[in-house]
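Each chain, letter by letter, is given below.
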Amino acid sequence: MAELANHGSVQKGALEPFLAADVGGTHARIGLVSQHPDGARPVTVLQYHRYACAEWPSLTAVLKDFVSQLGNAVHVDRCAVASAGYVLGDAIVNDNLPWPVSIRDIRDSLGIHQLAVINDFEAVAYATQFLAQADTAPVIEAEGPAANGPVLVMGPGTGLGSAVLLPGKPHATVLATEAGQIALSPGNEREIAILRELAKERAYVSFEHALSGPGLLNLYRAISTLRGSAATLARPSDVTRAALERSDEAAVEALEVFCGLLGSFVGDLTLLYGARGGVFLAGGILPQIRDVLITSSFKQRFFNKGVMRAFLQQVPVRLMEHGQLGVIGAAGMYLDGYSTPPGDSTTQ
């Protein structure tokens, strides 16, 4: 999803600073950026701040606060917003955001001349082109260097995001996906039992219902029921903490099931997109559980694809911190012209 609400066209040569935002269900990351003159990376981040979404009444309020911190010497009239969801009329539609987002309200309240809306994982995927090896940590080492080919970027947070980077000239193409909405596929008898529990509360069970912050809580509650124990933990962060401290057996199992399902799903998507260029794992959860992820069944489940095991052994899987990547990616995609005219709902 990449859409432009504007009164003009992107000026490729303009180096004036503009706003770039990466908006998720938990955090909104806002940056003042300027186009990088030498092309080594799309933009330079001049100022940056991360906001807790729950503490603010709207995205407009977040952006206005950030702009107020810049002072009168800086005037911005362009903004690129990376957000989960899709554009429908004036709104960005996504159940994981804590408030509705009005494109018109942002533009009018901040005096924005040009407002681009880009899918959040598209933006993160775009920004992986500019990652150094030191910016990531290995989860699965490949037998050789990554090939030149599609790159899969996915990760669980408030939701389950996924995008694919297709290398090319003059710039890469990014494919947004809704892979998180694929039907949950259990890999063993225990996961079949868990799926049955999850299906009691909803007519359709997607991977996002298990592989996300709320999904981890879903797994914990289902496993508690199967164990015949009380589900005393109320938040995803509580489950993560209890699992890491090994203070709740259902939480420990929930995190292991989470990692196993993730390994299977990442392996499936790698095959689906032919991601010879590698896999980057992002999102807000995985950096917190890195040690558990590496020692879990993730790797075994990733490789457990029958005759395709040899293919997957050539694909490196690396973990990255989300950080400013969404901001950089949103800005870069905007400058590269990933947009559609106002009123045109065509996705790119």
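Above this text you will find the structure in question.
Figured I'd write up the structure that's included with this text. Here the structure is a predicted model, which means the values were calculated and not measured.

## As for the pairing of strand β13 (residues 173–176)
(1) Moving on: Relative to β13, strand β12 (residues 160–166) runs antiparallel, the two sharing four bridges. Of the residues in β13, the one forming a bridge with Leu165 is Val174.
(2) Moving on: Hairpin connection between β12 and β13: a loop of six residues separates the two successive antiparallel strands.

## Description of the packing of helix α4 (residues 189–199) against helix α5 (residues 213–227)
(1) Moving on: Close contact between α4 and α5 brings their axes to 9 Å; oriented N to C, the two are set at 105°. By the criterion of interaxial angle, the relationship of α4 to α5 is roughly perpendicular. Counting all contacts with α4, which are made through Arg190, Ala193, Ile194, Glu197 and Leu198, the residues of α5 involved are Asn218, Leu219, Ala222, Ile223, Thr225, Leu226 and Arg227.

## Regarding the nonpolar core
(1) Moving on: With 51 residues, the main nonpolar core has Met154, Val266, Leu281 and Phe298 as its most contacted residues.
(2) Moving on: Per-element tally for this core: the top contributor is helix α7 (residues 249–273), with twelve residues.
(3) Moving on: Every residue in contact with Phe298, bar those within four places of it in the chain, is listed here: Val139, Ile140, Cys259, Leu262, Gly263, Val266, Leu281, Leu293 and Val317.
(4) Moving on: Among the nonpolar cores identified, the runner-up in size contains 31 residues, and Ala80, Leu325, Ile328 and Ala331 belong to it.

## Observations regarding the pattern of salt bridges
(1) Moving on: Taken as a whole and judged by the stated rule, the model has ten salt bridges.
(2) Moving on: A salt bridge links Glu197 to Lys200, with the shortest nitrogen-to-oxygen separation between them at 2.9 Å.
(3) Moving on: Residue classification places Lys200 among the exposed positions, given a relative accessible area of 63%.
(4) Moving on: Salt-bridge contacts for Lys305 lead to Asp268; the nearest nitrogen and oxygen are separated by 2.6 Å. In this pair, Lys305 is assigned in the loop between α9 (298–303) and α10 (309–312) and Asp268 in helix α7, connecting sequence segments 37 residues apart.
(5) Moving on: A relative accessible area of 17% places Lys305 in the buried class.
(6) Moving on: For Asp268, a relative accessible area of 34% corresponds to the partly exposed category.
(7) Moving on: Salt bridges sharing partners connect three or more residues here, namely Arg190, Arg227, Glu249 and Glu253.

Rules used throughout
- Residues numbered from 1 in each chain as written.
- Predicted model: local features only at pLDDT ≥ 70, side-chain atom pairs only at ≥ 80, totals over all residues.
- Heavy atoms only, no water.
- Pairing = 2+ DSSP bridges.
- Helix = DSSP H or I, 4+ residues; strand = E, 2+ residues; numbered from the N terminus.
- Axes fitted to C-alpha atoms, helices over the stretch in contact; angles between N-to-C directions.
- Parallel < 35°, antiparallel > 145°, perpendicular 65-115°, else oblique.
- Contact = heavy atoms within 4.5 Å.
- Core = buried A, V, L, I, M, F, W, Y, C linked by side-chain atoms within 4.5 Å.
- Buried < 20%, exposed > 50% of the residue type's maximum accessible area, 1.4 Å probe, protein only.
- Salt bridge = Lys/Arg side-chain N within 4 Å of Asp/Glu carboxyl O.

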